[in-house]
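# Structural features, examined
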Amino acid sequence: GTCTANITNNLSNRNLIINGAMQVAQRGTSSVNQGYSTVDRFLTSNAGLDEGPTREQADVASGTTPYTLGFRKSFKTTNGNNTSGANANDYYIIRTILEAQDIANSGWNYTSSSSFITLSFWVKSSVAQNFYGSIRSIDTAYIYPFETGSLTADTWTKVTKTIPGNSNLTFNNDNGAGLYVSIMPFFGTDYTASTVNLNQWAAYSLSTQTPDNTSTWYTTNDATFEITGVQLEVGSVATDFEHRS
């Protein structure tokens, strides 16, 4: 009669991300402005675009896997017309910011390489290609870059990344920015380098955040990019998404 299953994340309130299901959009459901302009807690930042993208709270189509798992909303970007192409200083970022105290008090032993947090999310692009993202600590400037893997056009894909601690990390017990969770539809070469190693921590540098990006999505007019079901939890396993009212 003894349960021997190694389940440590069986409690509620395990998702450190707020509004990961994109349910709340108090500022409006559509905007061409960067910053916090539509879906709560998720901002966008961009530079060098000839025509700014549209950001919106979109509906997840019925019949798709995210829909069957209870997701009804996504954060969607529709790319503009970038006629000048992909320039070195161009970028477009989607990001959510966690307070340092939420990481410090999460139960993650973030200075130990044998203690983990797990990031999971659903993503869909109208252009088939690989994209990059990162986890970035702010109190000590370190970055952990990752990739989505090659996405099939117009197909929802679940991405899961298990991230170890690192002895260089520090998170202050305050309400300042502690952790950036970002995904980049595009980074120009001013921010990338072929020498960047994925899936490991490194000292943050503005010019070496991810490997060099494919520019196909960025230079495709009206290309779309969607995410939903963003969850960050302590532990080495991605549990089922914690739906909240």
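Each remark here, short or long, concerns the structure printed above.
Here's what I pulled together on the structure shown here.

Cut-offs used in this document
Residues numbered from 1 in each chain as written. Predicted model: local features only at pLDDT ≥ 70, side-chain atom pairs only at ≥ 80, totals over all residues. Heavy atoms only, no water. Helix = DSSP H or I, 4+ residues; strand = E, 2+ residues; numbered from the N terminus. Rg over C-alpha atoms; globule rule 2.2 N^0.38 Å. Buried < 20%, exposed > 50% of the residue type's maximum accessible area, 1.4 Å probe, protein only. Contact = heavy atoms within 4.5 Å. Areas by Shrake-Rupley, 256 points an atom, 1.4 Å probe, with all protein chains shown as cover. Lys, Arg positive; Asp, Glu negative; His and termini not counted. Charge placed at Lys NZ, Arg CZ, Asp CG, Glu CD. Polar contact = N/O pair within 3.5 Å; in protein donor to acceptor, adjacent residues only side chain to side chain. Salt bridge = Lys/Arg side-chain N within 4 Å of Asp/Glu carboxyl O. Pairing = 2+ DSSP bridges. 1 Å grid on protein atoms, 1.4 Å probe; cavity = no way out; pocket = protein on both sides within 12 Å on 5 of 7 lines; lining within 4 Å. Points joined across faces, edges and corners; volume = space filled by probe spheres on them. Nonpolar A, V, L, I, M, F, W, Y, C, P; charged D, E, K, R; others polar. Core = buried A, V, L, I, M, F, W, Y, C linked by side-chain atoms within 4.5 Å.

Right, let's get into the overall build of the protein. A count of helices and strands for the protein gives 2 helices and 12 strands. Going from the N terminus to the C terminus, the protein shows its helices and strands as β-β-β-α-β-β-α-β-β-β-β-β-β-β. The C-alpha atoms of the protein give 18 Å as radius of gyration, which agrees with the globular expectation for 245 residues (18 Å, within 12%). In terms of its C-alpha atoms, the protein occupies a principal-axis envelope of roughly 65 × 40 × 30 Å. Expressed as a percentage of the 245 residues in the protein, the buried residues total 51%. Long-range pairs, those at least 24 residues apart, make up 74% of the contacts in the protein between residues at least 6 apart in sequence. Accessible area of the protein: about 10,900 Å², with a carbon and sulfur share of 43%. For the protein, the distance from the average position of its 13 positive side-chain charges to the average position of its 19 negative side-chain charges is 6 Å.

Note on placement: Gln57 falls in strand S3 (residues 54-59). Engagement of the side chain of Gln57 in a polar contact is seen with the backbone oxygen of Gln23, the distance being 3.0 Å. If we ignore the near neighbours within four places in the chain, the residues touching Gln57 are Met22, Gln23, Val24, Ala25, Thr29, Val39, Lys73 and Ser74.

In total, this model carries 5 salt bridges according to the counting rule given. With a closest N to O distance of 3.7 Å, Arg14 and Glu233 form a salt bridge. Placement of the pair is Arg14 in the segment before strand S1 (30-31) and Glu233 in strand S12 (residues 224-234), with a sequence separation of 219 residues. Owing to a relative accessible area of 0%, Glu233 belongs among the buried residues under this scheme. For Glu242, the salt bridge identified is with Arg244, shortest N-O distance 3.4 Å. When its relative accessible area of 9% is taken as the criterion, Glu242 is described as buried. Judged by relative accessible area, Arg244 falls into the partly exposed class, the value being 37%.

This next bit is on the sheet that holds strand S8 (residues 142-147). With respect to topology, 6 strands assemble into an open sheet ordered S2-S5-S10-S7-S8-S11, the strand pairing being antiparallel. Of all strands in the sheet, those bounded by a partner on one side alone are strand S2 (43-47) and strand S11 (202-203). Summarising the sheet, strand S5 (residues 91-99) and strand S10 (residues 177-187) pair through 8 bridges and their orientation is antiparallel. What sits directly across from Ile97, in S10, is Tyr180.

Take the pairing of S5 next. Within S5, 7 of the 9 residues are buried, leaving the element largely enclosed by the surrounding structure. Bridging between S2 and S5 involves 5 bridges; their strand directions are antiparallel. The residue of S5 that forms the bridge with Ser45 is Ile93.

To continue, consider the sheet that holds strand S9 (residues 157-164). The sheet built from 6 strands is open, its strands ordered S1-S3-S4-S12-S6-S9 with antiparallel pairing. Either end of the sheet is taken by a strand with one partner, and the two such strands are S1 and S9.

Inspection of every chain in the model, using the stated rule, returns 1 cavity of 30 Å³ or more. Taken as a whole, the largest cavity holds about 100 Å³ of empty space. Lining the largest cavity, in full, are Phe42, Ile94, Arg95, Thr96, Leu119, Phe121, Phe146, Val181, Ser182, Ile183, Ile227 and Val230. Elements with a contribution of two residues or more to the lining of the largest cavity: S5, strand S6 (116-125), S10 and S12. The residue inventory of the lining of the largest cavity, partitioned by class, reads 9 nonpolar, 2 polar and 1 charged.

Here we take up the environment of Gln57. Overall, the relative accessible area of 13% leaves Gln57 in the buried class. When the C-alpha atoms of Gln57 and Trp108 are compared, they prove to be 31 Å apart, with 51 residues separating the residues in sequence. Among the polar contacts made by the side chain of Gln57, one reaches the main-chain carbonyl oxygen of Met22 at a distance of 2.9 Å.

The next thing to look at is unusual backbone geometry. The backbone phi angle of Met22 is positive, close to 60 degrees, even though this residue is not glycine. As for its placement among the helices and strands, Met22 is situated in the segment before S1.

Attention now goes to the nonpolar core. Leu119, Ile135, Ile227 and Leu232 are the most contacted members of the largest nonpolar core, which has 40 residues in total. At the level of secondary structure, the elements contributing two or more residues to this core comprise S5, S6, S8, S9, S10 and S12. The next biggest cluster of nonpolar side chains, apart from the first, holds 6 residues, and it includes Ala21, Val60, Phe71 and Trp122.

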